[in-house]
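Residue-level structure breakdown
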Amino acid sequence: MMNYSPGPPTNDDTPFGTPPTPSAPPAVRAEDLTVVRGPRTVLRALDFTVPRGQITGLLGPSGCGKSTLMRAIVGTQAKVTGTLDVLGSPAGHPTLRTRIGYVTQAPSVYDDLTVRQNLDYFAAILAPGRAASEHRHHDVTRTIADVDLTSHADALAGNLSGGQRSRVSLAVALLGTPELLVLDEPTVGLDPVLRRDLWNLFHDIAARRGATLLISSHVMDEAERCHRLLLMREGRILADDTPDALRTRTHTDTVEAAFLHLVDEAIAADRTQEKETTR
Ligand SMILES: Nc1ncnc2c1ncn2[C@@H]1O[C@H](COP(=O)(O)OP(=O)(O)OP(=O)(O)O)[C@@H](O)[C@H]1O
C-alpha cells in the first residue's frame with residue numbers, strides 16, 4: 001500500500017468556484033436519516049455531517065447502503081425520512097441541481113459521440129443558449145484537461161478503455177464547477193496507476209476549487225487517502241472521523257484494521273442487546 005497523506009485541505013489557489021466560508025453550512029447534514037427500499041430499512045437513523053472543502057470517504061462492505069445514501073443526498077432516492085440538508089437546502093431542492101455533480105457506478109456516456117461531443121451535449125443542458133457558447137467551450141476544454149483526456153478529445157467514447165470512460169463520466173460531473181461532487185465507487189475496476197492518478201485529481205479538485213467530495217469505495221486502502229471517513233455497516237454509521245483518529249482510537253495501524261475492530265465491537269454490542277431483549 002502506498003504511504004499517502006492527504007494533508008490539510010487548502011483554498012490558497014482558487015481559480016474558479018467559490019471557496020467555502022467559515023459560516024457556510026456543512027456540505028451535508030443528516031439527522032435521523034432513514035431510507036426504506038421495498039420491504040427493507042436500508043439506512044437506519046443516520047446522524048452525521050460532511051464538512052466542506054474536504055474529501056470524505058464513504059466506506060463499507062457491499063450492500064451496506066453506500067449507494068442508497070448517495071442517492072438520497074443527490075435527491076434521487078424515494079422514501080427518505082428525517083432531516084437531510086445539502087449545501088444548506090433540503091436534499092432534492094431544485095436549486096441544488098447545478099451545485100452538485102454525481103457520478104453513478106455505471107459510466108453514463110454516449111458511445112457514438114466523441115469525448116468532446118459528450119461534454120458539449122451535457123454542457124448545453126447545464127447552460128443552454130447561444131450567449132453561453134463561449135463559456136461552454138471553455139468549461140468543456142477545461143474539464144477534458146482536468147481528467148487528462150485532452151489527447152482523446154476527438155475519440156469516440158465507445159472506443160475508450162473502461163478507465164477512460166469513467167473519466168469522461170467524471171468530466172461530465174465536473175462541468176459547471178459543482179460545489180459538491182458525489183462519486184459512487186469511481187475507481188472500481190481501475191488499475192493501480194489510474195487509481196492513484198484519479199485520487200490525485202480528487203485532491204486537486206478539493207484543494208484548488210474548494211469543492212467537497214463524497215467518494216464511496218469498498219477498497220480500504222483508498223480510505224487512507226481521505227480527509228474524513230464515514231464507515232458504514234448494515235445501514236448504520238460505525239464511525240465518522242479522520243483516518244488518523246480512527247487508527248489511534250482502535251490502536252491499529254491501518255484503516256482496514258480499524259474498520260474490522262469496529263465491526264467486531266458492533267457485532268458484540270448487537271449480541272449483548274439480543275441477549276437482553278430475549279431475557
Ligand atoms: N430497489 C431495491 N429494492 C429493495 N432493496 C434494494 C433495492 N436496491 C438496493 N436494495 C438493498 O439495499 C441495500 C443497500 O444497497 P446499496 O446499493 O445502497 O449498497 P452499497 O453499499 O452501495 O453496495 P455496493 O457496494 O455493492 O454497491 C442492499 O441490501 C440492497 O439489497
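All of these numbers come straight from a predicted model, not from anything done at the bench. (Residues numbered from 1 in each chain as written. Predicted model: local features only at pLDDT ≥ 70, side-chain atom pairs only at ≥ 80, totals over all residues.)

1. Some words on the site of the ligand
Around the ligand, a shell composed of 13 residues is seen, among which Gly38, Ser62, Lys66, Ser67 and Thr68 lie nearest. Every element with two or more residues in the shell around the ligand is listed here: β2 (40-50) and α1 (66-74). A total of three residues in the shell around the ligand trace back to one element, the largest contributor, which is α1. Among the residues making up the shell around the ligand, the classes are represented as two nonpolar, eight polar and three charged. (Near = placed C-beta within 6 Å. Helix = DSSP H or I, 4+ residues; strand = E, 2+ residues; numbered from the N terminus. Nonpolar A, V, L, I, M, F, W, Y, C, P; charged D, E, K, R; others polar.)

2. Some details on the sheet that holds strand β8 (residues 212-217)
In spatial order, the strands read β6-β7-β8-β3-β9-β10; together these six strands make up an open sheet with mixed pairing. Edge positions in the sheet fall to β6 (100-103) and β10 (236-241), since each of these pairs with one other strand and no more. Each adjacent strand pair in this sheet contributes to an overall mean axis angle of 15 degrees, direction not counted. As judged from the five bridges shared by strand β3 (residues 55-59) and β8, these two strands associate in the parallel manner. Each bridged residue has a counterpart across the sheet, and for glycine 57 the counterpart in β8 is isoleucine 215. (Pairing = 2+ DSSP bridges. Axes fitted to C-alpha atoms, helices over the stretch in contact; angles between N-to-C directions.)

3. A few points about the environment of aspartate 111
Within the element layout of this structure, aspartate 111 appears in the loop between β6 and α2 (115-126). We classify aspartate 111 as exposed; it has 12 C-beta atoms within 10 Å. Residues aspartate 111 and asparagine 159, spaced 48 residues apart in sequence, show a C-alpha to C-alpha distance of 7.6 Å. Ignoring anything within four residues of it in the chain, the contact list for aspartate 111 reads Leu156, Ala157 and Gly158. (Buried ≥ 20, exposed ≤ 12 C-beta atoms within 10 Å, placed from the backbone. Contact = placed C-beta atoms within 7 Å.)

4. Describing the pairing of β3
For β3, the tally of buried residues reaches five of five residues, placing the bulk of the element in the interior. With burial as the criterion, each face of β3 is covered, one bearing Ile55, Gly57 and Leu59 and the other bearing Thr56 and Leu58. Where β3 lies against strand β9 (residues 228-233), four bridges are found, and the strand directions are parallel. Bridge pairing in β9 places glycine 57 opposite leucine 229.

5. Re the sheet that holds strand β1 (residues 28-37)
Spatial ordering of the open sheet is given by β2-β1-β4-β5, a layout of four strands whose pairing is antiparallel. A strand with exactly one partner marks an edge of an open sheet, and here the two such strands are β2 and β5 (89-90). Both strand β4 (residues 80-86) and β5 contribute to a ladder of two bridges, which runs antiparallel. From the neighbouring strand, valine 86 faces β5, where its bridge partner is serine 89. Across the face of the sheet, α1 comes into contact with β1, β2 and β4 while running at roughly 115 degrees to β1.

6. Description of the domain arrangement of the protein
Taken domain by domain, the protein comprises domain 1 (29-88 + 180-255) and domain 2 (100-177). Of note, the centres of domain 1 and domain 2, computed from C-alpha atoms alone, are 24 Å apart. Across the contact, 16 residues belong to domain 1 and 15 residues belong to domain 2. Secondary-structure elements contributing two or more residues to the side of domain 1 that touches domain 2 are β7 (180-183) and α5 (192-209). Among the residues making up the side of domain 1 that touches domain 2, the classes are represented as eleven nonpolar, one polar and four charged. (Domains from an automatic or database assignment.)

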